[in-house]
Amino acid sequence: QVQLVESGGGLVQAGGSLRLSCAASGRTFSRNAMGWFRQAPGKERQFVAAISWTGLTAYADSVRGRFAISRDNAKNTVYLQMNSLKPEDTAVYYCATDQINWPEKFSSWGQGTQVTVSS
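Residues numbered from 1 in each chain as written. Predicted model: local features only at pLDDT ≥ 70, side-chain atom pairs only at ≥ 80, totals over all residues. Heavy atoms only, no water.

## Some details on the overall build of the chain
Put simply, the rule is: Helix and strand labels come from DSSP, where a helix needs a run of H or I of at least four residues and a strand needs a run of E of at least two; each type is numbered from the N terminus. With the radius of gyration taken over C-alpha atoms, the globule rule is written as 2.2 Å times the number of residues to the power 0.38. Only protein chains enter the area calculation, which uses a 1.4 Å probe; residues under 20% of their type maximum are buried, those over 50% are exposed, and those in between are partly exposed. Two residues form a contact once any of their heavy atoms are found within 4.5 Å. Note on areas: these come from Shrake-Rupley sampling with a 1.4 Å probe, and a residue is covered only by the protein chains present in the view. In this tally, Asp and Glu contribute negative charge and Lys and Arg positive charge; neither His nor the terminal groups of the chain are included. Working definition for charges: the position is that of NZ of Lys, CZ of Arg, CG of Asp or CD of Glu.
Each helix and strand in the chain was counted, giving zero helices and eleven strands. Going from the N terminus to the C terminus, the chain shows its helices and strands as β-β-β-β-β-β-β-β-β-β-β. Relative to the compact-globule value of 14 Å for 119 residues, the chain shows a C-alpha radius of gyration of 13 Å, a close match. Each principal axis of the C-alpha atoms in the chain carries an extent, and together these give about 40 × 25 × 25 Å. Going through the 119 residues of the chain one by one, you find that 45% of them count as buried. Within the chain, counting contacts between residues at least 6 apart in sequence, those at least 24 apart form 56% of the total. Put simply, the chain shows about 6,200 Å² of open surface, and 45% of that area lies on carbon and sulfur atoms. Distance between charge centres in the chain, computed from 12 positive and 8 negative side chains, equals 4 Å.

## Observations regarding the state of the cysteines
The condition is simple: Pairs of cysteine sulfur atoms within 2.5 Å are what we label disulfides.
With the rule as written, the count across this model stands at one disulfide. One disulfide in the model links cysteine 22 with cysteine 95; its S-S distance is 2.1 Å. Disulfide cysteine 22 to cysteine 95: torsion about the S-S bond roughly -80°, handedness left-handed. Pair noted here: cysteine 22 is in strand β3 (residues 18–25) and cysteine 95 is in strand β9 (residues 91–101), with a separation of 73 residues, a long-range link.

## Quick word on the pattern of salt bridges
Worth spelling out the cut-off: One side-chain nitrogen of Lys or Arg within 4 Å of one carboxyl oxygen of Asp or Glu is enough to make a salt bridge.
Scanning all chains against the criterion turns up four salt bridges. Between arginine 27 and aspartate 98 there is a salt bridge, with the nearest N and O atoms lying 2.6 Å from each other. With arginine 27 in the loop between β3 and β4 (34–39) and aspartate 98 in strand β9, this residue pair connects regions lying 71 residues apart in the sequence. A salt bridge links aspartate 89 to arginine 66; the shortest N-O distance between them is 2.8 Å. Here the residue aspartate 89 occupies a position in the loop between β8 (77–82) and β9, and arginine 66 occupies one in the loop between β6 (57–59) and β7 (67–72), the gap between them amounting to 23 residues. Neither aspartate 89 nor arginine 66 differs from the other in exposure class; each is buried. Three or more residues joined by partner-sharing salt bridges are found here, namely Arg38, Arg66 and Asp89.

Quick look at the structure:
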């Protein structure tokens, strides 16, 4: 059974940076696309970024140019480098795998990590 564990969330001031990690286990993920999503209080979960097994990337317009997704297949880990953070980036961030449709539909999810950006 697939297991995704996110880490790296926390409290940061506006303009700061955080790096999220998602460690995958249960099987090999080197040929899986991976994604990051977020959900703010009272809002639906939204797509943030995705990376294919070949390294192709996709980003939501709201984060393009500020966030960068990457992966280390040897470690079964995907990362989300978040720079120039804004208060509106505050949300629970979820890692996902088992792509249904590129780049925004996945079927397996982690438990999430909280990111809070203060103004």
